[in-house]
Amino acid sequence: LKDHIYRDKTENSTLLRIKNVIEKNINWDKKSCPEHIRKELKDTIIDGKLPKFDRLQDVFNGMSITVHDTWATQITLKSLQIDNERYHAVLHYKVQDHFGLDTLDISKSRFKQFHFFRLWFVLQRYNKFGFKPFMTNMEATVDLVGRRNEIKK
């Protein structure tokens, strides 16, 4: 998960979006960020791409079938330290997924087109089998660092 978060260089990466919000709001004179940053961080995360294992390499490393999309993600800003010329933020990602197919999964053509996935969807929901989803819980702590002169105005 940590590697996946760091390697996501897309414009919708939650890590890069959070970094942009922090850098845009730093008050270097007061060595702080304004209170309204909380809402801005929440909004930028909602509009960003949460960690998913849907890359081509995830098809080959097995993550695409075992996790693929994630069910719930919590991102916490654990700390933000601003010095004279640099900042250091610590973010904690807590991600959860269930092993199985949900209604949204089976409605996608890539799953619906294969008989195996349609059977899997029905079998995991047939009440006589007592299916209980297998949960995957992942956590990662990531660091964001930057310098005052690197920040674009």
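Engineer: Explain helix α3 (residues 37-47) residue by residue, including any values.
Structural biologist: Residues I37, E40, L41, T44 and I45 constitute the buried set of α3. Along the axis of α3, the buried positions cluster into a sector of 130°, meaning they face one direction only. Facing away from the buried side of α3, by more than 90 degrees, are the exposed residues R38, K39, K42, I46 and D47. Among the structural elements, α2 (14-25) and β1 (72-82) are those in contact with the buried residues of α3.

Engineer: Any chance you could break down the nonpolar core for me, citing the residues and the numbers?
Structural biologist: Within the largest apolar cluster, 23 residues are counted, with the highest numbers of intra-cluster contacts made by L1, I18, I22, L91, Y93 and L144. Broken down by secondary-structure element, the contributors of at least two residues to this core are α2, α3, β1, β2 (86-99) and β3 (134-147). Broken down by element, this core gets its largest block of residues, five residues, from β2. The residues touching L1, leaving out its near neighbours within four places in the chain, are P51, F53, Y93, V95, M138, E139 and A140. Formed by five residues, the second largest nonpolar core is a distinct cluster that contains F111, F117, W120 and F121.

Engineer: Describe the side chain of H4, with residues and values.
Structural biologist: Within the fold, H4 resides in helix α1 (residues 2-7). With residues near it in sequence (within four places) discarded, H4 still touches P51, K52, F53, R55 and D58.

Engineer: With reference to specific residues and values, describe the environment of T73.
Structural biologist: Within the secondary structure, T73 is located in strand β1. The sequence separation of T73 and M138 amounts to 65 residues, and the corresponding C-alpha distance is 9.5 Å. In this structure T73 touches L50, P51, K94 and V95, once residues within four positions along its chain are discounted.

Engineer: Now, about the packing of α2 against α3: what can you tell me, with residues and values included?
Structural biologist: It is at 9 Å that the axes of α2 and α3 come closest, and there the two elements cross at 155°. Taken as axis vectors, α2 and α3 run roughly antiparallel relative to one another. Judged by the twist between their axes, the crossing of α2 over α3 is right-handed. Residues T14, R17, I18, V21, I22, K24 and N25 of α2 pack against I37, E40, L41, T44, I45 and D47 of α3. Its residues assigned to classes, the contact of α2 with α3 comprises six nonpolar, three polar and four charged.

Analysis parameters
Residues numbered from 1 in each chain as written. Predicted model: local features only at pLDDT ≥ 70, side-chain atom pairs only at ≥ 80, totals over all residues. Heavy atoms only, no water. Buried < 20%, exposed > 50% of the residue type's maximum accessible area, 1.4 Å probe, protein only. Helix = DSSP H or I, 4+ residues; strand = E, 2+ residues; numbered from the N terminus. Arc of directions from axis to C-beta. Contact = heavy atoms within 4.5 Å. Core = buried A, V, L, I, M, F, W, Y, C linked by side-chain atoms within 4.5 Å. Axes fitted to C-alpha atoms, helices over the stretch in contact; angles between N-to-C directions. Parallel < 35°, antiparallel > 145°, perpendicular 65-115°, else oblique. Left-handed = near helix turned anticlockwise from the far one by under 90°. Nonpolar A, V, L, I, M, F, W, Y, C, P; charged D, E, K, R; others polar.

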